[in-house]
Amino acid sequence: MLPGDGVGPELMHAVKEVFKAASVPVVFDEHHLSEVQNTASEEKLDRVVDSMKESKVALIGKIHTPMEYKGDLASYDMRLSVLNLGRATPTTSACCHHHPHPKSQLLGAELCPARARGVLGSCWGAVLCVTPPCAPLCPQSVKGVIECLKIITRAKSQRIAKFAFDYATKKGRGKVTAVHKANIMKLGDGLFLQCCKEVAELYPKIKFDTMIIDNCCMQLVQNPYQFDVLVMPNLYGNIVDNLAAGLVGGAGVVPGESYSAEYAVFELGARHPFAQAVGRNIANPTAMLLSASNMLRHLNLEHHSNVISDAVKKVIKGGKVRTRDLGGYSTTSDFVKSVIDNLHPHYGA
């Protein structure tokens, strides 16, 4: 567990309270890593890496990156985003090989499932964003001139596309949409798009289409019903997952996941430190609780996962306990207490 910055520690406290009430058989190895609070160091990062190597799974909050950082993979958040102590895994960007942490390779796919939940909005099918993490390459060729490079490879584009189609197959989804900017970036995004098309031919039962990122953002707002699984390069994914989260209630309600061949990281779908809410007991713990529930499912603790996710959904659908981001006046503590109260029927209380 890495609580991170902003309201992360408060959200993790909520998770631990709910886990305790639900008798979840999980013990967290907790690490505090923060650049803005001066609790980050190479030694601490090494301990996090070693912990990941042992557990293969993590629950993390947003680790805020100070804007003054320069260079490649300078921030701890970015270095954690490429953390994978196992084999190299799907990504459309090879730039993460530039000065990585000595024990780090690449995480594969980042998932952001956004679904309208009860009172949060009109009901439409989940939009799942599959996007590889990417570290920026921004060399300064001459003073006052910065190059921003996006490196895309065929092999890794095929692997992230295969992840999207495998996920759609496993989850019973009927459609995968490749989102791109190949009309302008004809070679880079063009290669990514071509790889998606090639992989799509191997999955004849799943409908495949493509959409330019500009139009995708508009269509998500006007007609989100048409989408199911979206696969795209990292930059577009960071934008689209926040847009999708906004459509269903905001950053406080959408969970997120990142997978590699051997490791899984669970976090907020729309990463946001909510610094303005720190210490005010007003943050919405929904997204972090659902991420924790997904983590339990990944650990084959299906019963505990369902108990917690069902309790969270009951609170949301009930509409009586809403945090401020959902138009209510309830506190974080109120929400957590209500979730715990809704756990009791499962235990005969």
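Structure's up top.
None of these values were measured; they are calculated from a predicted model.

A.B. asks: Can you tell me about the overall build of the protein chain, naming the residues and giving the values?
C.D. replies: Counting its secondary structure elements, the protein chain contains 10 helices and 10 strands. Taking contacts inside the protein chain between residues at least 6 apart in sequence as the whole, the part at least 24 apart equals 71%. Carbon together with sulfur atoms contributes 55% to the accessible area of the protein chain, which is approximately 15700 Å² in total.

A.B. asks: Describe the nonpolar core, and please don't skip the residues or the numbers.
C.D. replies: Formed by 69 residues in total, the largest nonpolar core has its most connected members in Leu 59 and Ile 308. Setting aside its immediate chain neighbours within four residues, Ile 308 contacts Val 18, Phe 19, Ala 22, Val 24, Leu 289, Ser 293, Leu 296 and Leu 343. Counting residues in hydrophobic clusters, the runner-up holds 11 residues, among them Met 211, Cys 216, Cys 217 and Phe 227.

A.B. asks: Residue-level account of the packing of helix H6 (residues 213-222) against helix H7 (residues 234-247), with values.
C.D. replies: With their axes 10 Å apart at the nearest point, H6 and H7 run at an angle of 10° to one another. Relative to H7, the element H6 lies roughly parallel. On the side of H6, the interface is formed by Ile 213, Cys 217, Leu 220 and Val 221, while H7 contributes Tyr 236, Ile 239, Val 240, Leu 243 and Leu 247. In the contact of H6 with H7, the residues fall into 9 nonpolar, no polar and no charged.

A.B. asks: Could you give an account of the state of the cysteines, naming the residues involved and the relevant values?
C.D. replies: Going through the model one piece at a time under the given rule, you end up with 0 disulfides. In this structure Cys 195 is not part of a disulfide, and its nearest cysteine sulfur, from Cys 196, lies 7.1 Å away.

A.B. asks: Run through the pattern of salt bridges, naming residues and quoting values.
C.D. replies: All chains considered together, the criterion is met by 10 salt bridges. One salt bridge connects Asp 214 with Lys 181, and the closest N-O pair in it is separated by 2.9 Å. Taken together, the positions of Asp 214 in helix H6 and Lys 181 in the loop between strand E6 (175-180) and helix H5 (188-200) put the pair 33 residues apart, joining distant regions of the chain. On the basis of relative accessible area, Lys 181 is assigned to the buried category, the value being 18%. Of the charged contacts in the structure, one is a salt bridge between Arg 297 and Glu 302, with a shortest N-O distance of 3.3 Å.

A.B. asks: I'd love a proper account of the environment of His 13, names of residues and values included.
C.D. replies: Note that His 13 resides in helix H1 (residues 8-21). With 10 residues separating them along the chain, His 13 and Pro 3 place their C-alpha atoms 8.8 Å apart.

A.B. asks: Outline helix H8 (residues 286-298), supporting the account with residue identities and numerical values.
C.D. replies: Taking 1.5 Å of rise per residue, the 13 residues of H8 would be expected to cover 18 Å, and the 18 Å separating its terminal C-alpha atoms lies within 8% of that figure. Counting buried positions along H8 yields 11 of 13 residues, so the element is predominantly enclosed. Among all positions in H8, only Thr 286, Ala 287, Met 288, Leu 289, Leu 290, Ser 291, Ala 292, Ser 293, Asn 294, Met 295 and Leu 296 are buried. Residues of H8 that are buried sit in contact with H1, strand E1 (57-59), strand E9 (255-259), strand E10 (264-268), helix H9 (302-318) and helix H10 (332-341). Downstream of H8 by one or two residues, Asn 300 has phi in the positive range, about 65°.

A.B. asks: Give a description of unusual backbone geometry that names residues and reports values.
C.D. replies: Residues other than glycine seldom take positive phi values, yet Ser 23 does so here, at roughly 55°. One non-glycine residue with positive phi stands out, namely Lys 56, at about 70°. Position of Lys 56 relative to the elements: it lies in the loop between helix H2 (42-55) and E1. Residue classification places Lys 56 among the partly exposed positions, given a relative accessible area of 32%.

A.B. asks: Account for the environment of Glu 302, naming residues and giving values.
C.D. replies: Topologically, Glu 302 is positioned in helix H9. By relative accessible area, Glu 302 is classed as partly exposed at 38%. Setting aside chain neighbours within four positions, we find Glu 302 in contact with Leu 296 and Arg 297.

A.B. asks: Please give an account of the environment of Ile 340 that cites residues and values.
C.D. replies: By secondary structure assignment, the location of Ile 340 is in helix H10. Taking the relative accessible area as the measure of exposure, Ile 340 reaches 18% and is therefore buried.

A.B. asks: Give a detailed account of the side chain of His 31, specifying residues and quantitative values.
C.D. replies: Within the secondary structure, His 31 is located in the loop between H1 and H2. Residue classification places His 31 among the buried positions, given a relative accessible area of 14%. A polar atom in the side chain of His 31 sits 3.0 Å from the side chain of Asp 29. Ignoring anything within four residues of it in the chain, the contact list for His 31 reads Met 1, Leu 2, Pro 3, Arg 47, Val 48 and Ser 51.

A.B. asks: Lay out the packing of H1 against H8 in plain terms, naming residues and giving numbers.
C.D. replies: In helix packing, the relevant descriptors are the interaxial angle and the interaxial distance, both defined with respect to the helix axes. For the pair H1 and H8, interaxial distance at closest approach is 9 Å and the crossing angle is 50°. Relative to H8, H1 is oriented oblique. Helix-helix and strand crossings are classified by hand; for H1 and H8 the assignment is right-handed. In contact with Leu 11, Met 12, Ala 14, Val 15, Val 18 and Phe 19 of H1, H8 contributes Met 288, Leu 289, Ala 292, Met 295 and Leu 296.

The rules we used
- Residues numbered from 1 in each chain as written.
- Predicted model: local features only at pLDDT ≥ 70, side-chain atom pairs only at ≥ 80, totals over all residues.
- Heavy atoms only, no water.
- Helix = DSSP H or I, 4+ residues; strand = E, 2+ residues; numbered from the N terminus.
- Contact = heavy atoms within 4.5 Å.
- Areas by Shrake-Rupley, 256 points an atom, 1.4 Å probe, with all protein chains shown as cover.
- Core = buried A, V, L, I, M, F, W, Y, C linked by side-chain atoms within 4.5 Å.
- Buried < 20%, exposed > 50% of the residue type's maximum accessible area, 1.4 Å probe, protein only.
- Axes fitted to C-alpha atoms, helices over the stretch in contact; angles between N-to-C directions.
- Parallel < 35°, antiparallel > 145°, perpendicular 65-115°, else oblique.
- Nonpolar A, V, L, I, M, F, W, Y, C, P; charged D, E, K, R; others polar.
- Disulfide = S-S within 2.5 Å.
- Salt bridge = Lys/Arg side-chain N within 4 Å of Asp/Glu carboxyl O.
- Expected span 1.5 Å × (residues − 1).
- Polar contact = N/O pair within 3.5 Å; in protein donor to acceptor, adjacent residues only side chain to side chain.
- Left-handed = near helix turned anticlockwise from the far one by under 90°.

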